[in-house]
Amino acid sequence: MTPIGDPGSPVTPLEQALHAARALVLADLAAREVAEADVVSMVEGSVAQRRWWVEQWPDGAAFVAGLVAQDVQDALLETYGRWPLCPVCGTGDPHALEVEPELGPDPQWVCHKAGVRVAAVGGLGTTGGAASS
């Protein structure tokens, strides 16, 4: 067995998708300053569960980032509250962004209330609150 991190070991498309999903969601958590150790553990738990899922359905590898983002969002709702909060709507009750498509490639954080795309999953740190339609 080749050790993890061995430069000679091949990185499978499955592992690439899982590592990319982890990195994107961690970037969004860090951008919103919620990347605490217990939250990072939620990401790791989701990645482990999604590894099995994508092993069963290899064509779903392109969907893993959005699914991990949704898993972490659901886990945070149970323990911390809504995340990520919408930076677009300045009035009314605070609400979370949602991942679109729910099952598809190129997942985006979307505000359904305003009907705008806020950022790609992994891009919350680059938005500065701006959105596109």
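Residues numbered from 1 in each chain as written. Predicted model: local features only at pLDDT ≥ 70, side-chain atom pairs only at ≥ 80, totals over all residues. Heavy atoms only, no water.

**A closer look at unusual backbone geometry**
Point 1. Cis geometry marks the peptide bond from Trp83 to Pro84; its omega dihedral reads -15 degrees.
Point 2. By the element assignment, Pro84 lies in the loop between helix 3 (64–79) and strand 1 (98–100).
Point 3. Residue Pro101 is bonded to the preceding Glu100 through a cis peptide linkage, with omega at -10 degrees.
Point 4. Along the polypeptide, Pro101 turns up in the loop between strand 1 and strand 2 (108–111).
Point 5. Even without being a glycine, Asp106 presents a positive backbone phi close to 55 degrees. (Helix = DSSP H or I, 4+ residues; strand = E, 2+ residues; numbered from the N terminus.)

**Points about the state of the cysteines**
Point 1. Within the structure shown, the criterion is met by zero disulfides.
Point 2. In this structure Cys86 is not part of a disulfide, and its nearest cysteine sulfur, from Cys111, lies 3.6 Å away.
Point 3. Here Cys89 is not disulfide-linked; the sulfur of Cys111 is the nearest cysteine sulfur, at 3.6 Å. (Disulfide = S-S within 2.5 Å.)

**Section: the sheet that holds strand 1**
Point 1. Judged by pairing direction, the sheet is antiparallel, and its three strands sit side by side in the order 1-2-3 without closing on themselves. On the outer flanks of this sheet lie strand 1 and strand 3 (116–120), each paired with one strand and no other. If you compare each strand with its neighbour and ignore which way they point, the axes differ by 40 degrees on average.
Point 2. The pairing of strand 1 with strand 2 spans three bridges and is antiparallel. Residue Glu98 lies in a different strand from strand 2, and its bridge partner there is Val110. (Pairing = 2+ DSSP bridges. Axes fitted to C-alpha atoms, helices over the stretch in contact; angles between N-to-C directions.)

**Topic: helix 1 (residues 13–31)**
Point 1. For helix 1, which comprises 19 residues, the first-to-last C-alpha distance of 27 Å matches the rise-based estimate of 27 Å (1.5 Å per residue) to within 8%.
Point 2. Within helix 1, the full set of buried residues consists of Ala17, Leu18, Ala21, Arg22, Val25, Asp28 and Leu29. Across the axial projection of helix 1, the buried residues extend over an arc of 135 degrees, all falling on one side.
Point 3. Looking one or two residues beyond helix 1, the residue adopting positive phi is Glu33, at roughly 55 degrees. (Expected span 1.5 Å × (residues − 1). Buried < 20%, exposed > 50% of the residue type's maximum accessible area, 1.4 Å probe, protein only. Arc of directions from axis to C-beta.)

**With respect to the pattern of salt bridges**
Point 1. In the structure shown here, the tally under the stated rule is three salt bridges.
Point 2. For the salt bridge of Arg22 with Glu44, the shortest nitrogen-to-oxygen distance reads 3.0 Å. Of this pair, Arg22 sits in helix 1 while Glu44 sits in helix 2 (residues 37–56), and the two are 22 residues apart along the sequence.
Point 3. Owing to a relative accessible area of 17%, Arg22 belongs among the buried residues under this scheme.
Point 4. Given the relative accessible area of 33%, Glu44 is considered partly exposed.
Point 5. Of the charged contacts, one joins Asp71 and Arg50 as a salt bridge, the two residues approaching to 2.9 Å between their closest N and O atoms. Pair noted here: Asp71 is in helix 3 and Arg50 is in helix 2, with a separation of 21 residues, a long-range link.
Point 6. Given the relative accessible area of 18%, Asp71 is considered buried.
Point 7. What makes Arg50 buried here is its relative accessible area of 17%. (Salt bridge = Lys/Arg side-chain N within 4 Å of Asp/Glu carboxyl O.)

**Observations regarding the nonpolar core**
When a protein is soluble and globular, its nonpolar side chains tend to lie buried together.
Point 1. Grouped together as the largest cluster of nonpolar side chains are 29 residues, with contacts concentrated most on Val25, Leu29, Val68 and Trp109.
Point 2. Residue assignment for this core shows that the elements contributing at least two residues are helix 1, helix 2, helix 3, strand 2 and strand 3.
Point 3. Ranked by the residues each element gives to this core, the list is headed by helix 3, at seven residues.
Point 4. Not counting residues within four places of it along the chain, the set of residues in contact with Val68 comprises Ala21, Val25, Val43, Ser46, Val47 and Arg50. (Core = buried A, V, L, I, M, F, W, Y, C linked by side-chain atoms within 4.5 Å. Contact = heavy atoms within 4.5 Å.)

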